[in-house]
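Okay, here's what each chain looks like letter by letter:
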Amino acid sequence: MEKYVKVSGGCKIYLRILGQGEALILLHGNGENSHYFDKQIRDFAKYFKVIAIDTRGHGKSDPIKEKLTFEDLSRDLLDILNFLKIEKANILGFSDGANIALVFAKNYPSRIKKLILNSPNKNVDQIKLLPRIFSFIFYYLLKIVSNLCKRFRNYFSVYSLIFDTIKIKDSDFKKIDFPVLIIAGAKDLIYIDTFYKIAKKIKKSKLSIIKGHGHKVAHTNPKEYNKIILDFLRRKAD
């Protein structure tokens, strides 16, 4: 089933919904859309009601008209849960989607049952040096192009999210009193110690690093990735 949900400010957000049971929200990364999880959705939908979202400015959702932050996107997610009358949801976020999920967990912890953070990062400094340099170069090239051509302005606003710093304190992590899985590839473009530090701050966290794979491990090793996530979601909370 496909659906559009109108969030704060009148923006329309596109959803794909498949399966029955507890809600499982899927949040893709920067410049992606809900199809990023095509190798996961059917496996997950055997056990959950999967709600794959095109976040604001992405895919079939409305484009961005102004500067956007992870705080804005976390409020979009709240509006979606309220519209769908979902009190508590399981959430899986990848990369920027993981950052949205982390901000949502900080702001609305009572609305989460279980949380999966796939390659979260608090700020751009946690990206390894070479991809970080390329990110800055691409950012400034895209800024020039977007000033010359309106067609690129939405993409520039979306890409700028890479440089949005998540404002989260140690006291915020203490609010996260539900099971959390942090998952990533061992060759991720984000420094691995970033994931260990986040896991250490969350009381009920589990860290899973998949050897031999990079940032998009959901694509390169979907069998192991899906199994780890389903085992985590289907296990009874302690």
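For the structure itself, look to the data block above.
This text gives an overview of the structure that appears in the document. (Residues numbered from 1 in each chain as written. Predicted model: local features only at pLDDT ≥ 70, side-chain atom pairs only at ≥ 80, totals over all residues. Heavy atoms only, no water.)

## Focus on the sheet that holds strand β4 (residues 49-54)
Alright, step 1. Ordered by their spatial adjacency, eight strands build an open sheet running β1-β2-β4-β3-β5-β6-β7-β8, and the pairing between neighbours is mixed. Each end of this open sheet is capped by a strand with a single partner; those strands are β1 (2-6) and β8 (205-210). If you compare each strand with its neighbour and ignore which way they point, the axes differ by 20 degrees on average.
Alright, step 2. Of the strand pairs in this sheet, strand β6 (residues 112-118) and strand β7 (residues 180-185) are connected by four bridges, and their pairing is parallel. Across the sheet, the residue bridging to Leu 115 is Val 180, located in β7.
Alright, step 3. Across the sheet, helix α1 (residues 38-45) is in contact with β2 (12-18), β3 (23-27), β4 and β5 (89-94); its angle to β2 comes to roughly 55 degrees.
Alright, step 4. Of the strands in this sheet, β3, β5 and β6 touch helix α3 (residues 96-107), which is tilted by about 145 degrees from β6. (Pairing = 2+ DSSP bridges. Helix = DSSP H or I, 4+ residues; strand = E, 2+ residues; numbered from the N terminus. Axes fitted to C-alpha atoms, helices over the stretch in contact; angles between N-to-C directions. Contact = heavy atoms within 4.5 Å.)

## Section: a nonpolar patch on the surface
Alright, step 1. A contiguous nonpolar patch, built from Leu 129, Leu 130, Ile 133, Phe 134, Ile 137, Leu 141 and Tyr 191 and spanning about 690 Å² of accessible area, is present on the exposed surface.
Alright, step 2. Counting through the fold element by element, Ile 137 comes out in helix α4 (residues 129-148).
Alright, step 3. Of the residues examined, Ile 137 reaches a relative accessible area of 46% and is grouped as partly exposed. (Patch = residues over 30% accessible without salt bridge, like charges linked within 9 Å, V, L, I, M, F, W, Y side chains within 5 Å. Areas by Shrake-Rupley, 256 points an atom, 1.4 Å probe, with all protein chains shown as cover. Salt bridge = Lys/Arg side-chain N within 4 Å of Asp/Glu carboxyl O. Buried < 20%, exposed > 50% of the residue type's maximum accessible area, 1.4 Å probe, protein only.)

## Details of helix α7 (residues 192-201)
Given 3.6 residues per helical turn, the α-helix brings residues three or four places apart onto the same face.
Alright, step 1. All of the buried residues in α7 are Thr 194, Phe 195, Ile 198 and Ala 199. On an axial view of α7, the arc spanned by its buried residues comes to 130 degrees, and they lie on one face. In α7, the exposed positions angled more than 90 degrees off the buried face are occupied by Lys 197 and Lys 200.
Alright, step 2. Buried residues in α7 make contact with α6 (170-173), β7 and β8. (Arc of directions from axis to C-beta.)

## What about the pattern of salt bridges?
Alright, step 1. Inspection of every chain in the model, using the stated rule, returns 13 salt bridges.
Alright, step 2. With a closest N to O distance of 3.3 Å, Lys 201 and Asp 170 form a salt bridge. Here Lys 201 is found in helix α7, whereas its partner Asp 170 is found in helix α6, with 31 residues between them in sequence.
Alright, step 3. Among the charged side chains, a network of salt bridges with common partners joins Asp 177, Lys 203 and Lys 204.

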